[in-house]
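# Report on the structure
So you can see what is in the structure, the chains are spelled out below.
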Amino acid sequence: MTEFIPAAKPLIGEEERDAVDRVLRSGMVAQGPEVAAFEQEFSAHFVDGRPVVAVNSGTSGLHLGLLAAGVGVGDEVIVPSFTFAATANSVALTGATPVFADIDPVTFTLDPAAVSAAITERTKGIMPVHLYGHPARMHALAEIADDRGLALFEDAAQAHGAAIDGRPVGTFGAFGMFSLYPTKNMTSGEGGMISAADDVIARNARLLRNQGMERQYENEVIGFNARMTDIHAAIGRVQLTKVDAWTEARRRNAAFLDAHLTGVVTPVVDEGARHVYHQYTIRVPEDRDGFVRALKDEHSIGSGVYYPIPNHRLPSLARFAPGLDLPVTESAAREVVSLPVHPSLSEGDLERIAVAVNALAGAGS
Ligand SMILES: *Cc1c(COP(=O)(O)O)cnc(C)c1O
């Protein structure tokens, strides 16, 4: 029997278990010193020392980040439709309206021209997603935002360590959010990090995280309980010491696939962009679903489709987009397949993936 190669594999080791045990034994498990240390270390590691605020999920991070930056009822925020629903959900949860714009067919990230066309007098901001770990076109989007007096927000859920011309994602927008869900490039179990452009946004996010309190029982605004626990922070702190090696492994695995795949459209990286390959996503123009099935049934290789239904056609979000047509998004949703690229792949696994994909791509043409 050929061993199954999973599409993703969270890596949790002895050090993470020891760290959790240390926190449990301390008797102080809710948000405390581990969270504060994790914030400092994450900030230094990924966002050049910007103020960061740890929360209980990436989705909370987007929601609180938007509220902290002043987004609310009556506003519009331009987002891609080709992403996880959390991007648009977080906008809708503030009371604002998510406005969907089409993507660029090469990087699958927001198309700056489509963003320009979607701006109205109600537009408050633009929130690109650094999808699959490839940075969105932040130079062009920042220029549009500057010209039109809009804010820029970043959904960096999938892009820890991605950069453009050496500048890390999460440092371009009024805020950026990194998810710490187990399938992301690093995890804390569940969790999210908000990277803030200034101390005002950071303070707003901190207040919203904890019932609007900076000082106990002096609630200044109406807030949530979106706190991260010290147990989760302890896991995240250990993962932070490992994530760079994992990212390098992802990039090596991607380079191997780039060099060995034929007959499919492999990922293209923008000039100056550093791709961290949360996903390695190819296009299969003919019968993508048959390709995914054969990869699993005939070759014991897992894969993923991110995302089969564009947000603007989801039952939950379609009401924000009556009659909207996003042709590039639609073709991506029909054709994309993400192959395993995670750090636990062996050279043998990579060879098997290349042989299988090439055989199926050849069979289809
Ligand atoms: C995972 C993800 C989120 C949400 O993060 P959670 O930690 O799962 O809440 C938001 N946006 C994108 C693009 C994601 O991939």
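Residues numbered from 1 in each chain as written. Predicted model: local features only at pLDDT ≥ 70, side-chain atom pairs only at ≥ 80, totals over all residues. Heavy atoms only, no water.

- Named according to an unreviewed UniProt entry, the protein chain is DegT/DnrJ/EryC1/StrS family aminotransferase originating from Microbacterium helvum.
- Checking UniProt for the protein chain, the heading Sequence similarities (unreviewed entry) contains the comment "Belongs to the DegT/DnrJ/EryC1 family."
- The Cofactor (unreviewed entry) field of the UniProt record for the protein chain holds the comment "pyridoxal 5'-phosphate". (UniProt positions renumbered as here; feature names shortened; annotations may be inferred.)

## Structural notes on the nonpolar core
- Counting residues in hydrophobic clusters, the biggest one holds 31 residues, and the most contacted among them are Met127, Phe153 and Phe175.
- Put simply, the parts of the chain that give this core at least two residues each are strand E1 (52–55), helix H3 (58–68), strand E2 (76–80), helix H4 (86–93), strand E8 (175–179), strand E9 (192–196) and helix H7 (199–209).
- Judged by nonpolar contacts, the second largest core, of 25 residues, contains Ala254, Phe256, Ile353 and Val357. (Core = buried A, V, L, I, M, F, W, Y, C linked by side-chain atoms within 4.5 Å. Buried < 20%, exposed > 50% of the residue type's maximum accessible area, 1.4 Å probe, protein only. Helix = DSSP H or I, 4+ residues; strand = E, 2+ residues; numbered from the N terminus.)

## Section: the sheet that holds E8
- Pairing is mixed in the open sheet, where seven strands are placed in the order E1-E9-E8-E5-E4-E2-E3. Two strands bound the open sheet, and with one partner strand each, they are E1 and strand E3 (97–101). Here the average twist between neighbouring strands, direction ignored, is 25°.
- When E2 meets strand E4 (residues 123–126), the two strands line up parallel, connected through three bridges. Each bridged residue has a counterpart across the sheet, and for Val77 the counterpart in E4 is Gly125.
- Packed on one face of the sheet, H4 meets E2, E3 and strand E5 (151–155) and runs near 145° to E3.
- Each of E4 and E5 touches helix H6 (residues 138–148); the most contacted strand, E5, lies at about 150° to it. (Pairing = 2+ DSSP bridges. Axes fitted to C-alpha atoms, helices over the stretch in contact; angles between N-to-C directions. Contact = heavy atoms within 4.5 Å.)

## Here's the deal with the site of the ligand
- The ligand sits among 17 residues. The nearest are Thr59, Asp155, Gln158, Ser179 and Lys184.
- Gly58 places a main-chain nitrogen or oxygen 2.8 Å from an oxygen atom of the ligand.
- Here a nitrogen atom of the ligand sits 2.8 Å away from a polar atom, N or O, in the side chain of Asp155.
- Only H3, H4 and E8 provide two or more residues apiece to the shell around the ligand. (Near = heavy atom within 4 Å. Polar contact = N/O pair within 3.5 Å; in protein donor to acceptor, adjacent residues only side chain to side chain.)

## Considering the pairing of E5
- With four of five residues buried, E5 lies mostly within the body of the structure.
- One ladder, built from two bridges, connects E4 with E5; its direction is parallel. Its bridge partner lying in E5, Gly125 is registered against Ala151.
- For the handedness criterion, the β-α-β arrangement of E4, H6 and E5 is classed as right-handed. (Right-handed = clockwise from strand over helix to strand, strands pointing away.)

## Notes on helix H1 (residues 14–26)
- Along its 13 residues, H1 runs 18 Å from first to last C-alpha, staying within 8% of the 18 Å computed at 1.5 Å per residue.
- Where H1 is concerned, the buried positions are Glu16, Ala19, Val20 and Val23. Summarising the axial view, the buried residues of H1 lie within an arc of 95°, below the 170-degree limit, and thus occupy one face.
- Of the surrounding elements, those touching the buried residues of H1 are helix H2 (33–46), helix H8 (230–240) and helix H9 (243–260).
- Downstream of H1 by one or two residues, Gly27 has phi in the positive range, about 80°. (Expected span 1.5 Å × (residues − 1). Arc of directions from axis to C-beta.)

## Focus on the sheet that holds strand E10 (residues 273–274)
- Across the sheet, which stays open at both edges, the three strands sit in the order E7-E6-E10 with antiparallel pairing between neighbours. The outermost strands of the open sheet, each flanked by one partner alone, are strand E7 (167–168) and E10.
- The sheet contact formed by strand E6 (residues 163–164) and E10 spans two bridges and is antiparallel. Looking across to E10, one finds that Ala163 is bridged to Arg274.

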